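# Coordinate analysis (summary)
One-letter residues, chain by chain:
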Amino acid sequence: MSLVGNLEDLGLGDILQIVSLSRKSGILFISGDDNEGKIIFKNGQVIRCTATDVFEDLKEAISSLALISSEQLDEAMALFEDKSSAETMDSILTKHFGVSPDDVEALKKESIEKAAYSLFSWRSGTFNFELKDVDNILDCRNDFFIYEHGINPQFLAMEGTRLQDEMQRDKDEKKGLSKEAPLQKTLEREDEPEQLEEEKSIAEKVEEVPVPERAPFPVEEKKNKEAQPLSAAVDEAIVIIDDDKSTLEKIENSLSSRHFNVFVEEKSENALHTISRLDNSGANIVVVSDLIMPRMDGTGILGGIEILEVLKGGFPNIPVVLMSDHVNKEAETRAHEMGVSLYIDKPKRSDFGDAAEEEKVSLFLQKLENALRPLILGEESVSIEDISGMINLADGLEEEFEAVGSILPQDSDDLPPPSTPGLSMLKTMVEELNSPEGRKQISLLALRFASELMNRAVLFLVRSDNFEGLGQFGVEIENDVADKRIRTMKLSKNAPSILKDVLESGVSIKKKMEDTEGNRYIVDQLGGKFPKESYVGPIITEGKVSVIVYCDNVPEFKDIGDTSAFEIFLIQVGVAMERGLLERKMREISKN
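Residues numbered from 1 in each chain as written. Predicted model: local features only at pLDDT ≥ 70, side-chain atom pairs only at ≥ 80, totals over all residues. Heavy atoms only, no water.

### A short note on the packing of aromatic side chains
- Within the structure shown, the criterion is met by six aromatic pairs.
- Plain terms: the ring middles of Phe41 and Phe129 are 5.8 Å apart, the flat faces sit at 80° to each other, and that makes the pair edge-to-face. You can see Phe41 sitting in strand β3 (residues 36–42) and its partner Phe129 sitting in strand β5 (residues 126–131), a full 88 residues away along the chain.
- For Phe41, a relative accessible area of 0% gives the class buried.
- Phe129 gets classed as buried once you look at its relative accessible area, which sits at 1%.
- The interplanar angle of 80° and the centroid separation of 5.3 Å between the aromatic rings of Phe144 and Phe145 together place this pair among those described as edge-to-face.
- Phe145 gets classed as buried once you look at its relative accessible area, which sits at 7%. (Phe/Tyr/Trp six-rings, centres within 6.5 Å; stacked < 30°, edge-to-face > 60°. Helix = DSSP H or I, 4+ residues; strand = E, 2+ residues; numbered from the N terminus. Buried < 20%, exposed > 50% of the residue type's maximum accessible area, 1.4 Å probe, protein only.)

Laid out in structure tokens, this is it:
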């Protein structure tokens, strides 16, 4: 990780925040007109700060504590300057003269703050952050002002900016007073030249304090879309991080064409800078990062995990989506444990530049957009068209089912079974469906409920000409990946099938599948075994069947049983989807 640039482009507050979030160790060198400054970081915390325009004297600093006499101070300095002793000044003050360790720490902290706030006043200059193992370069014996506990850089950034603002207000107020009656004030005080000269000196000092200015966001120019003005406010932003240019370009063009504000970065450190600025502006941000990319210190390839860790530490409310073209279950598990919002598969890098793989890339881009809409726009539901390709249903479902099962009544000889299978969990599932998080996972909830009653469940999206496989649970196919197989399923709406029967009737069907062309296709794609009985239920929105749920008990050869509770839930699913569509339309109308 390295940061090099001009203070005019990237303010000190932003630099401090980036290093803080990265939790790195190193030295930030700052050069002004005639001054130089240095800030030393250890694991993202500031432990030392110097500035040439801030005088630093050890004896004078200790004297300011007024906790020991001048004679004791001389004695302490003599002990400290004794080259044969390895004792630090901290130890000398606390052990020999009874100075409180808290007072010593407060003095070190004050020294850092004083120098840092001085750096905020520099109007121009350059900076360079170098990644270093600072333990190997610090001299804790001879440098009293090293504050090993560290100060949060974000605190310094906020306080430094606040002090700048106060000075600017003082400046503005002084200008306001001078506008009231400048001539009269001068005439009244012609007999006070010394006082006027003193106030002039103060005014000049105030004039030297820079006005805090935030550099404009780095807005990329989009193809087929006019670039945003640098001064434009950004309400929502998607930050894409990937070290592959072809991938970045495809994603950027796709999302930009949908009128999203997209910021792309090839390096994690640059992305953190962009994220920090957007967050400071109050923008609603979603971060999408490749999993396999260099870490900021160059020591590994799981840069996406590093980004997730940094953001969850500094920006816990920003959703993070990780994408990967390589199966890494360990990294995926770790990402979920850290709170990743979505883990999504993507095509290989070579596919993004291969015309023959255009359909695969297009499907991924649609999948990514559908996943981002509820995160960036705050949509509580998604349209039926947006559901396709959005759900990674197999991963993690079994854990969710176990969690649901743990809160349900267990079988007991002392308690009669519920009258209707699934009725005991209907209330819980409906409440979850109506929650903000549940409305973002409607199809997932449908499969969860189905899994409590039947062995397998498959969702089919109703398209204009066919039924398309959307997601599944419980399907096992020899020598193939069930998710992949389901998502390639396409059955013509004209082919006789149990799906067609439900589409035309608009009601649930529970029966043994007939040996028709369409039903044979379904059975073959699901492993080749005809079930004893199948259940197929519709999800209806705006008066039309938009999604169909297929269920059976394969590999067991047994009946389905009572599905009344599940049918009620599917009605509620349709209502929730319809409400989401209505709310989205209302938001679009209000924006126009």
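### Thoughts on unusual backbone geometry
- For the peptide bond that leads from Val554 to Pro555, omega is 15°, which places it in the cis range.
- Structurally, the position occupied by Pro555 is in the loop between β16 (544–552) and α22 (564–591).
- Positioned with a positive phi, His259 is a non-glycine residue whose angle comes to about 70°.

### Brief notes about the confidence of the model for the protein
- Residue-level pLDDT values for the protein average 77, and 79% of them are 70 or greater.
- Overall, residues 178–232 carries pLDDT values under 50, and its contacts beyond four positions in sequence, including any with other chains, amount to 56 contacts.
- Scored below 50 in pLDDT, residues 379–419 makes 83 contacts in the model with residues more than four places away or belonging to other chains. (pLDDT = per-residue confidence, 0-100. Contact = heavy atoms within 4.5 Å.)

### Topic: the environment of Gly125
- Position of Gly125 relative to the elements: it lies in the loop between α5 (101–120) and β5.
- Of the residues examined, Gly125 reaches a relative accessible area of 12% and is grouped as buried.
- Taking the C-alpha atoms as reference, Gly125 lies 8.8 Å from Gly5; in sequence the two are 120 residues apart.
- The contacts of Gly125, once residues within four sequence positions are left out, are Gly5, Asn6, Leu7, Glu8, Ser31 and Gly32.

### Description of the side chain of Asp351
- Topologically, Asp351 is positioned in helix α13 (residues 349–352).
- Of the residues examined, Asp351 reaches a relative accessible area of 9% and is grouped as buried.
- Of the polar contacts made by the side chain of Asp351, one reaches the side chain of Lys360; its length is 3.4 Å.
- Once you skip the residues sitting within four places of it in the chain, Asp351 turns out to touch Glu357, Lys360 and Val361. (Polar contact = N/O pair within 3.5 Å; in protein donor to acceptor, adjacent residues only side chain to side chain.)

### Points about the packing of helix α10 (residues 268–280) against helix α11 (residues 303–314)
- Packing of α10 against α11 leaves a shortest axis separation of 11 Å and a crossing angle of 25°. Taken together, the axis directions place α10 and α11 in an arrangement best described as roughly parallel. Between α10 and α11 lies a crossing of right-handed hand. The segment α10 lies against α11, with Ser268, Leu272 and Ile275 engaging Ile307, Val310 and Leu311.
- A per-class count over the contact of α10 with α11 returns five nonpolar, one polar and no charged. (Axes fitted to C-alpha atoms, helices over the stretch in contact; angles between N-to-C directions. Parallel < 35°, antiparallel > 145°, perpendicular 65-115°, else oblique. Left-handed = near helix turned anticlockwise from the far one by under 90°. Nonpolar A, V, L, I, M, F, W, Y, C, P; charged D, E, K, R; others polar.)

### Observations regarding the environment of Glu517
- Among the secondary structure elements, Glu517 is positioned in helix α21 (residues 517–525).
- For Glu517, a relative accessible area of 55% gives the class exposed.
- For the pair Glu517 and Leu491, spaced 26 residues apart in the sequence, the C-alpha separation amounts to 9.9 Å.

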